[in-house]
Amino acid sequence: MSHTRVRIHKAERQSFLSKHAATLAVLPVFGIALFFYFGSAIWSIVMSFTASKFFPDYAFVGLRQYSRLADDSLWSLSLQNLGVFALGSLGSLVLGFVLAVLLDESKVRGEGFFRTVYLYPMAVSLIITGLVWQWLFNPGLGLQQFFRDLGLTDFDFNWVGDKHKVMYAVILASIWQSAGFYMVLCSAGLKGIDAEVWQASRIDGIPKYRMYLEVIIPMMSFTFLTSFVLLSIGAVKAYDIIVAMTNGGPGGGSTLPAYYIVDAYINRRNIALGAAGSTVLLLIVAAFLIAMPLINLALNRRKS
Amino acid sequence: MRIAPEIRSALALPNRIPSKNPVSRVVIFLILLAFAVLFAVPLYVMIVTSLKSMDEIRMGHIFALPVNPTFEAWDIAWNKASSGFAAHGLKSGFWNSVAILVPSLLMSVAVSSICGYALAFWKVRFGNVLLSLLLVCAFIPFPIIMYPLIKITAALKIYNTSFGVSVIHTILALPILTMIFRNYFASIPLDLIKAARIDGGRFLGTFWHIILPLSPNILIVVAIMQITGIWNDFLVGLTFGNVQAYPMTVNLNNITQTQTGVRVYNVYMAAAMLTAIPPLVIYFLSGRLFIRGITAGALKG
């Protein structure tokens, strides 16, 4: 590193600043973590036990907001939609894994080209993802009409207009957006597998598909666990794509908890209800983060 | 023919022999090609729709190339489209996004890189406590801290300003960026830093003259991740900005959701393209570094 300039200070200044510089550098982040993250989260949890409407009110009313949530069919529907969305998002991981395997197997020319095409949706805002898929799902001018023109006159692709199918449309758009990302994660996982494993399988004459199902996928359990965490966090966070594609409709069919909560805060101006909803989200994330390492542990124990 | 692994690696032969069967190779290639087409369809539809007139769009051939390509919709999207508040198009949103992006990029990188450096090389009391706190912060869902942050920014008189949006982006980025910098710096050989410290190089001097020159890659990766993340953000801009400060994504959404007339999909798609072009350009130019950025920043939020 000869090009690096090293300034030598003969006399080390022992001022307060230089002695405590490292501590001072850490303080802002420490303060933000404690105050803006933990402080804010605790404040919201406290608010969820009050009856605050537009202004904070510190009179406690117990679990009233939570029972309101439980009674609100839109909230229950949003949790159900979250479950559907989280399960459907696994499609991103499945497709990403398949693409990673195919690219790894084929060693085709233009591998870089394929990777670039699969990943570009990740660079684009979810507002744009929602908008363009809303256009593709347009019943009169979009994909449905295209397939009807081809002769499939009964082709029904108006998922966005159907309360019971709209989540599938959101899932499809979401898979388009993020499959490339999971391909990248899976490619990294595949690269990490020892070459001797493959050589051994060739010598033993094990067919490829069994090799993947019985050896490679179990060996990539860490990649998959990471992906599960990211997918579930992505589902809990999902907001933009709903706004741009469906606005939570039709009939609440695509309302997700984050959408419900922001609506409670901003449009219904009900602090306590929004706080209760976001506390439930926090609990969901916490449960998932506690469960994941335990599952990992159980898997590892079974392996050995 | 079997070759022992040592000989194989000495000959630099590939560890994995691609399928010898040419039929299966062609099949795999065709599957990959089909998926590439499927992935490209939305972008293709965006581009051709944005170049059509509404009359042509109403004919209902979504995949057809434009008969008379025109940039009229792009002009309307940039200059004239109505967002429900004003009919100034997307250009104000573009400049708002720039005004939000630049301060938040500088603030978040400056604060998190220095903190990461302090945690990696200097004895900081409770340093490990802070690292675990930051990991927890990275998983706290945004909705639960959103309302208190609105109150705090309102008290600081920066709510509904682009600077307020920048501050929130900085706060949201700090946990993950600090961890990324700390982990990267921790991989730099200690000898280099020790030498500088014995020679009396002070805290900031070591950072500026030794650490930063060793870290151009991580700075670029973090910058790409922050630029695309902040440019594509919607919720923070919506909740912390106002009509004068809305970023381009919020502006775009307002344009597409004004219910004052027919839905002009050519203008919507042109507006979407205009909003997508900056991050797409970064994506196509930066390649591998972009991939590292999104994988490193995956936990963000």
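All values reported here derive from a predicted model rather than from experimental measurement. (Residues numbered from 1 in each chain as written. Chains lettered and ligands numbered in written order. Predicted model: local features only at pLDDT ≥ 70, side-chain atom pairs only at ≥ 80, totals over all residues.)

Chemist: Explanation requested: the overall build of chain B in the structure shown.
Modeler: Counting its secondary structure elements, chain B contains 15 helices and zero strands. Taking as baseline every contact in chain B between residues at least 6 positions apart, the subset at least 24 positions apart corresponds to 73%. (Helix = DSSP H or I, 4+ residues; strand = E, 2+ residues; numbered from the N terminus. Contact = placed C-beta atoms within 7 Å.)

Chemist: Where do I start with the overall build of chain A in this structure?
Modeler: On a plain count of helices and strands, chain A comes out with 14 helices and zero strands. The secondary structure elements of chain A, listed N-terminal to C-terminal, are α-α-α-α-α-α-α-α-α-α-α-α-α-α. Taken against the 2.2 N^0.38 rule, which gives 19 Å for 304 residues, the C-alpha radius of gyration of chain A at 25 Å runs more than 25% over that of a compact globule. The 304 residues of chain A split such that 43% are buried. Expressed as a percentage of contacts within chain A between residues at least 6 apart in sequence, the contacts between residues at least 24 apart total 71%. (Rg over C-alpha atoms; globule rule 2.2 N^0.38 Å. Buried ≥ 20, exposed ≤ 12 C-beta atoms within 10 Å, placed from the backbone.)

Chemist: Is there a simple way to think about the interface of chain B and chain A in this case?
Modeler: How big an interface is tends to be expressed through the accessible area that disappears when the partners come together. In this assembly, 85 residues from chain B lie in contact with 82 residues from chain A. With 13 residues, helix α2 (residues 22-50) of chain B is the single largest residue contributor to the side of chain B that touches chain A.

Chemist: I would appreciate a short explanation of the nonpolar core in the present structure.
Modeler: Grouped burial of nonpolar side chains is what soluble globular proteins tend to show. Formed by 176 residues in total, the largest nonpolar core has its most connected members in A:V170, B:A77, B:A271 and B:A272. The element best represented in this core is helix α8 (residues 166-191) of chain A, accounting for 16 residues. Here B:A271 is in contact with B:A77, B:A81, B:L90, B:L252 and B:I255, once residues within four sequence places are set aside. (Core = buried A, V, L, I, M, F, W, Y, C linked by C-beta atoms within 7 Å.)

Chemist: Just checking my understanding: could you explain the environment of B:G237 for this structure?
Modeler: Residue and element names in this part refer to chain B. Considering the arrangement of structural elements, one finds G237 in helix α12 (residues 235-240). Since 26 C-beta atoms lie within 10 Å of it, G237 is described here as buried. Each C-alpha atom, one on G237 and one on S166, is 9.0 Å from the other, the two residues being 71 residues apart in sequence. The contacts of G237, once residues within four sequence positions are left out, are I100, V165, Y246, P247, T249 and V250.

Chemist: How should helix α6 (residues 126-136) of chain A be read in this particular structure?
Modeler: What sets the pattern is the α-helix's 3.6 residues per turn: residues three or four places apart point alike. Among the 11 residues that make up α6(A), 11 are buried, leaving the element largely enclosed by the rest of the structure. For α6(A), the complete set of buried residues consists of A:L126, A:I127, A:I128, A:T129, A:G130, A:L131, A:V132, A:W133, A:Q134, A:W135 and A:L136. Where α6(A) is buried, its residues meet α7 (143-149), α8 and α12 (240-245) of chain A together with α2, α13 (248-257) and α14 (265-286) of chain B.

Chemist: Explain α13(B) to me, please; I cannot follow it from the model alone.
Modeler: Among the 10 residues that make up α13(B), nine are buried, leaving the element largely enclosed by the rest of the structure. Those residues of α13(B) that fall on the buried side of the exposure criterion are B:M248, B:T249, B:V250, B:N251, B:L252, B:N253, B:N254, B:I255 and B:T256. The secondary structure elements touched by the buried residues of α13(B) are α6 and α12 of chain A together with α5 (91-121), α11 (216-232), α12 and α14 of chain B.

Chemist: What exactly am I supposed to notice about the packing of helix α4 (residues 72-80) of chain B against α14(B) here?
Modeler: The description of two helices packed together rests on the angle between their axes and the distance between the axes. Residues and elements named next belong to chain B. As a packed pair, α4 and α14 sit with axes 8 Å apart at the nearest point and diverge in direction by 70°. Judged by the inter-axis angle, α4 sits roughly perpendicular to α14. The interaxial crossing formed by α4 with α14 has right-handed handedness. In contact with A73, W74, I76, A77 and W78 of α4, α14 contributes N266, V267, A270, A271 and L274. (Axes fitted to C-alpha atoms, helices over the stretch in contact; angles between N-to-C directions. Parallel < 35°, antiparallel > 145°, perpendicular 65-115°, else oblique. Left-handed = near helix turned anticlockwise from the far one by under 90°.)

Chemist: What is the right way to look at the confidence of the model for chain A in this model?
Modeler: As a note on interpretation, predicted positions should not be read in detail where pLDDT is low. Chain-level statistics for chain A give a pLDDT mean of 88 and a share of 93% at 70 or above. Predicted confidence for residues 1-13 of chain A stays below pLDDT 50, and this span has 21 contacts to residues more than four positions away or in other chains. (pLDDT = per-residue confidence, 0-100.)

Chemist: Please explain the environment of A:L79 as it appears in this structure.
Modeler: All names here are of chain A. When you line up the elements, L79 lands in helix α4 (residues 73-106). Classification of L79 as partly exposed rests on a count of 18 C-beta atoms within 10 Å. Taking the C-alpha atoms as reference points, L79 and P257, 178 residues apart in sequence, are found 6.3 Å from one another.

Chemist: Looking at this structure, how should I read the environment of B:P278?
Modeler: All names here are of chain B. Along the chain, P278 turns up in helix α14. Residue classification places P278 among the partly exposed residues on the basis of 19 C-beta atoms within 10 Å. Placed 51 residues apart in sequence, P278 and I227 show a C-alpha to C-alpha distance of 9.3 Å.

Chemist: Where do I start with the confidence of the model for chain B in this structure?
Modeler: Residues and elements named next belong to chain B. Per-residue confidence for chain B gives a mean pLDDT of 87; residues scoring 70 or more make up 88%. Across residues 1-15, confidence stays below pLDDT 50; counting only partners more than four residues off in sequence or on other chains, it has six contacts. Of the two predicted TM-score estimates for the complex, the pTM is 0.89 and the ipTM is 0.88.

Chemist: What should I look at first to understand unusual backbone geometry in this one?
Modeler: Cis peptide bonds are those with omega within 30 degrees of zero, and the linkage from A:G249 to A:P250 qualifies with -10°. Along the chain, A:P250 falls in the loop between α12 and α13 (257-266). For A:N247, which is not glycine, the phi torsion reads 55° and is therefore positive. One can find A:N247 in the loop between α12 and α13. Take A:N247: there are 15 C-beta atoms within 10 Å of it, and that puts it in the partly exposed class. Even without glycine at this site, B:K157 takes up a positive phi of about 60°. Here B:K157 is to be found in the loop between α7 (142-155) and α8 (162-186).

Chemist: How should the packing of α4(A) against α2(B) be read in this particular structure?
Modeler: Running from amino to carboxyl end, α4(A) crosses α2(B) at an angle of 140°, the nearest separation of the two axes being 10 Å. It follows from the interaxial angle that α4(A) and α2(B) lie oblique. The two elements α4(A) and α2(B) meet at a crossing, and its hand is left-handed. Residues A:L99, A:L102, A:L103, A:E105 and A:S106 of α4(A) form the contact with α2(B), whose participating residues are B:R25, B:I28, B:F29, B:I31, B:L32 and B:F35. In terms of residue class, the contact of α4(A) with α2(B) is made up of eight nonpolar, one polar and two charged. (Nonpolar A, V, L, I, M, F, W, Y, C, P; charged D, E, K, R; others polar.)

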